[in-house]
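Remarks on the overall topology
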Amino acid sequence: MARLTLVAAALLGLGNRALALETCGQSQYDPAQYVCWNGQFLCPVVAGEGLSYCAGACYSKFMYTCANSVLTLLPPVDTPFTLTVSNPALPTLDGKPVTAGGQRWTLGGQTSSYCPEQVGDACPPGNITAIVASEGRAAMDVMVPGGQLVYLDPNWNVGYTQAHSAHIPSGSTVTGFAAYQGGGFVNLNGNGWGWVACPPTAAGGGGGSGAWNLVAKNETNADRLGACTPVNLKVNPLPAGTVGAWQYT
Ligand SMILES: *[C@@H]1O[C@H](CO)[C@@H](O)[C@H](O)[C@H]1NC(C)=O
Ligand SMILES: *[C@@H]1O[C@H](CO)[C@@H](O)[C@H](O)[C@H]1NC(C)=O
């Protein structure tokens, strides 16, 4: 009996160490899932970001700021920008760029762009994936006449139009994007389920390139995206007037 009790105690001890619960006011919490503010308020960790606390509300720094205890949307970014993946709990992708290729955005892939011979030296290097956004819409930051519009395709992957074509697959969504200064690139469609990164092998994965796929999560598709990891997309502003490429391919 004494021996059994010892074993049980040892197991319990192990369990507690594995979980390493911490205390926040009256509650115990798992620091992998929550952060404690002012010794008493718990906010969840979402996409590896411990949400911040503002006068009773938890918020993401990718979208909001707290000024004098008032939650305020960050201002929209007004220059071109690149995007990098943010989720410290997913070190394979954390800090890797969002890359345009094959008419869609992938994560940690290669930027794929084209410069016509006759344009030659006037083309930007085309080695970064640059984006512009305003008034709910987003576009690739390109020189090609007509531009390249960004949209959510019917599977809620991020696509962009081919150069010289206005074709967008039917059932796509062209509005509801926001890019915040000092914050993130956010999909406001579908009630804020956020972005997920899908490994190349998972359903909705990035195909043969080894890059991960980016999908906008929502109530309907959440179930089939179980193998994917929530991520934020960090906005990295470029100097005003920067052009990313002649066109992305
Ligand atoms: C892109 O190309 C330019 C010009 O060759 C180079 O200066 C720059 O470092 C490159 N940037 C990246 C991110 O590879
Ligand atoms: C969610 O995304 C799926 C594609 O993955 C799309 O078919 C569906 O219409 C979307 N649901 C909502 C509520 O917008």
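All values derive from a computational prediction rather than experimental measurement.

Within the chain, the regular secondary structure consists of 1 helix and 23 strands. Residues counted as buried form 41% of the 249 residues belonging to the chain. Looking at the chain alone, contacts between residues at least 24 apart form 51% of all its contacts between residues at least 6 apart. For the chain, the exposed surface amounts to about 13,000 Å²; the carbon and sulfur share of it is 56%.

Moving on to the state of the cysteines. The final tally for this structure, using the stated rule, is 5 disulfides. For Cys 43, the disulfide goes to Cys 58, at an S-S distance of 2.2 Å. For the disulfide bridge between Cys 43 and Cys 58, the dihedral angle about the S-S bond is near -85 degrees, and by the sign convention the bridge is left-handed. Remark: Cys 58 occurs in strand β7 (residues 57–59) and Cys 43 occurs in strand β4 (residues 41–46); sequence separation between them is 15 residues. A disulfide bridge connects Cys 54 with Cys 66, and the sulfur atoms are separated by 2.1 Å. Between Cys 54 and Cys 66, the S-S dihedral sits near 75 degrees, and the bridge is therefore right-handed. A residue pair is termed long-range when its members are at least 10 positions apart, and Cys 54 in strand β6 (residues 52–54) and Cys 66 in strand β8 (residues 64–67) qualify at 12 residues. Taking relative accessible area as the criterion, Cys 54 reaches 3% and is therefore assigned buried. Ordering the disulfide-forming cysteines of the chain by sequence position, one finds them joined as 1-2, 3-5, 4-6, 7-8, 9-10.

This part is about the site of ligand 1. Taken together, Pro 125, Asn 127 and Ile 128 make up the full set of residues adjacent to ligand 1. Between an oxygen atom of ligand 1 and a side-chain N or O atom of Asn 127, the distance comes to 2.3 Å. If ligand 1 stood free it would expose 360 Å²; the protein chains cover 26% of that surface.

What follows covers the site of ligand 2. Every residue close to ligand 2 is listed here: Pro 154, Asn 155, Trp 156, Asn 218, Thr 220, Asn 221 and Arg 224. For ligand 2, an oxygen atom lies 3.3 Å from a polar atom in the backbone of Asn 155. Thr 220 is positioned such that a nitrogen or oxygen atom in its side chain is 3.0 Å from a nitrogen atom of ligand 2. For ligand 2, the accessible surface in isolation is 360 Å², of which the surrounding protein chains cover 60%.

So, how was this worked out
- Residues numbered from 1 in each chain as written.
- Chains lettered and ligands numbered in written order.
- Predicted model: local features only at pLDDT ≥ 70, side-chain atom pairs only at ≥ 80, totals over all residues.
- Heavy atoms only, no water.
- Helix = DSSP H or I, 4+ residues; strand = E, 2+ residues; numbered from the N terminus.
- Buried < 20%, exposed > 50% of the residue type's maximum accessible area, 1.4 Å probe, protein only.
- Contact = heavy atoms within 4.5 Å.
- Areas by Shrake-Rupley, 256 points an atom, 1.4 Å probe, with all protein chains shown as cover.
- Disulfide = S-S within 2.5 Å.
- Near = heavy atom within 4 Å.
- Polar contact = N/O pair within 3.5 Å; in protein donor to acceptor, adjacent residues only side chain to side chain.

Just geometry here; none of it tells us what the structure is for.
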